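So you can see what is in the structure, the chains are spelled out below.
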Amino acid sequence: MQDLIPAGVVSLRLPTPYPVGPVNCYLIQGELPTLVDTGPPTEEAWAALVRFLEEHGLGAGGAWQVVITHAHPDHFGLGERLRSRFGVRVLAPRAAAGWLAPGKVDEWEEFLADFLPRAGVPGEVVRQLRKGRFGLGDFRVESGPDGWLEPGTTVRMGDAPWEVVSLPGHSSCSTGFWRREDGTCLGGDALLLDAYAHSVLEPAMDGKGWYPGLLRQMESLERIRQLGPERVLPGHGEPVTSPASFAASRLRYLRGRTETVWGLLMEGEKTPYQVVLNLYPHLSWVELMSGLWEVMGYLDVLEERGEAIREEAGGKLYYRAL
Ligand SMILES: [Zn+2]
């Protein structure tokens, strides 16, 4: 992997307990050494991260910094621990402010407890998922970061200014960093080679409905295509060496899946859960969640395009093809 990464950038792959598998963190070396993403809040990841930092001469005293791409625990989960152990500054995208506030995750849990039955998920399944707090336990934070990164500005990492690029969709706060001089983009989870990272459905910030992740994700793929980086260093998996054409192929895939869902709705109106069962008849409860987030994305796209309509009856959401 390291041979696909430019000099002065070192990658570190840390284990995570999540279905997505290991996460990539990057160290940008130079005048202001910068760790991009932290790994998850596990002892195993912490031990490997501390060893890596020691190997690269990064210790206490705050002569280096931490930057995160988005507020998911595999990317920011060790931020607070790094700050208290090493005295470093932790910077996060401004769009993450809503999620990096104590107490926000409780609202998220309430939202999902309300949403899942409306999506047609059977009550017993919702009760079981709720016992596991919908997998949101690691999203909790005790305090926010030390500073915010604004899209359109630059952040100094290593020896160069990196442009802060908004790439929302995977999460509402997903952000990339773009070094124009050599076309390197740190993409977080906006463009992954071997997995399309469906994230947990987020409640909309205004409290009305949910965040339309796939619609924003498709816009971000288009943004990457237009930016035309030489390489995207992703949050999971191998570097993407032809990002523009790969982003275009992701878009084609997602449009194809959206058409498939439209075809299912043409056969008759369905709840989101019924669409999931049609696409994936044999999902475990945990997989059911990610299947549902994926389907909600396609339904949002169809609704936005005027190709499907949503109605609520008997406390359940039904989608019908137009
Ligand atoms: Zn991730």
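Above this text is the structure in question.
Residues numbered from 1 in each chain as written. Predicted model: local features only at pLDDT ≥ 70, side-chain atom pairs only at ≥ 80, totals over all residues.

> Please explain the pairing of strand E12 (residues 308-313) as it appears in this structure.
In regular strands, side chains alternate between the two faces of the sheet. In the sheet, E12 pairs with strand E13 (residues 316-321) via six bridges, with the strands oriented antiparallel. Residue pairing across strands places Ile 309 opposite Arg 320, the latter belonging to E13. Counted along the chain from E12 to the antiparallel partner E13, the turn is two residues long, and its residue Gly 314 has a positive phi close to 60°. (Pairing = 2+ DSSP bridges. Helix = DSSP H or I, 4+ residues; strand = E, 2+ residues; numbered from the N terminus.)

> Looking at this structure, how should I read the sheet that holds strand E4 (residues 65-67)?
Think of a sheet as strands paired side by side through backbone hydrogen bonds, with each pair either parallel or antiparallel. Ordered in space as E1-E2-E3-E4-E5-E6, the six strands form an open sheet in which the pairing is mixed. Only two strands of the sheet have a single partner each, and these edge strands are strand E1 (9-14) and strand E6 (147-149). Strand-to-strand twist across the sheet, computed as the mean angle between neighbouring axes with direction ignored, equals 25°. Relative to strand E5 (residues 89-93), E4 is paired through three bridges, and the arrangement is parallel. Of the residues in E5, the one forming a bridge with Val 66 is Val 90. (Axes fitted to C-alpha atoms, helices over the stretch in contact; angles between N-to-C directions.)

> Just to check I follow, could you spell out the pairing of strand E9 (residues 175-179) for this structure?
The buried count for E9 comes to five of five residues, which makes it a mostly enclosed element. Side chains Thr 175, Phe 177 and Arg 179 of E9 all project onto a buried face; the interleaved residues Gly 176 and Trp 178 project onto the opposite face, where all are buried too. Bridge analysis of strand E8 (residues 160-166) against E9 gives four bridges, and the strand direction is antiparallel. Bridged to Val 164 within E9 is Phe 177. As paired strands, E9 and strand E10 (residues 184-188) are joined by three bridges and run antiparallel to one another. In the strand pairing of E10, Trp 178 is matched with Cys 185. As consecutive antiparallel partners, E9 and E10 are separated by four residues, and within that stretch Gly 183 has a phi angle of approximately 70°, a positive value. (Buried ≥ 20, exposed ≤ 12 C-beta atoms within 10 Å, placed from the backbone.)

> Can you help me understand the nonpolar core in this one?
Generally speaking, nonpolar side chains in soluble globular proteins are found buried as a group. Tyr 26, Val 36, Ala 92, Phe 177 and Leu 191 are the most contacted members of the largest nonpolar core, which totals 49 residues. Sort the elements by how many residues they give to this core and strand E2 (residues 23-28) lands first, with five residues. Apart from the residues lying within four places of it in its own chain, the contact partners of Phe 177 are Val 36, Val 155, Met 157, Trp 162, Val 164, Val 165, Cys 185 and Leu 186. By size, the runner-up hydrophobic cluster in this structure holds 23 residues, among which are Phe 115, Val 261, Leu 265 and Val 301. (Core = buried A, V, L, I, M, F, W, Y, C linked by C-beta atoms within 7 Å. Contact = placed C-beta atoms within 7 Å.)

> Would you mind showing me how to read unusual backbone geometry here?
The phi angle of most residues is negative, glycine excepted, and most peptide bonds adopt the trans form. Unlike most non-glycine residues, Asp 37 shows phi in positive territory, near 70°. For Asp 37, the location among the structural elements is in the loop between strand E3 (34-36) and helix H1 (43-55). Given 26 C-beta atoms within 10 Å, Asp 37 falls into the buried group. A positive phi is found at Arg 133, a non-glycine position, where the angle reads about 50°. Within the element layout of this structure, Arg 133 appears in the loop between helix H5 (123-131) and E6.

> Explain the packing of helix H7 (residues 243-266) against helix H9 (residues 285-304) to me, please; I cannot follow it from the model alone.
Angle between the axes and distance between the axes are the two parameters that describe a pair of packed helices. Two elements in contact, H7 and H9, have axes separated by 9 Å at closest approach and are oriented at 80°. The angle between H7 and H9 places the two elements in the roughly perpendicular class. Contact residues: H7 offers Arg 257, Thr 258, Val 261 and Trp 262, while H9 offers Val 295, Tyr 298, Leu 299, Val 301 and Leu 302. In the contact of H7 with H9, the residues fall into seven nonpolar, one polar and one charged. (Parallel < 35°, antiparallel > 145°, perpendicular 65-115°, else oblique. Nonpolar A, V, L, I, M, F, W, Y, C, P; charged D, E, K, R; others polar.)

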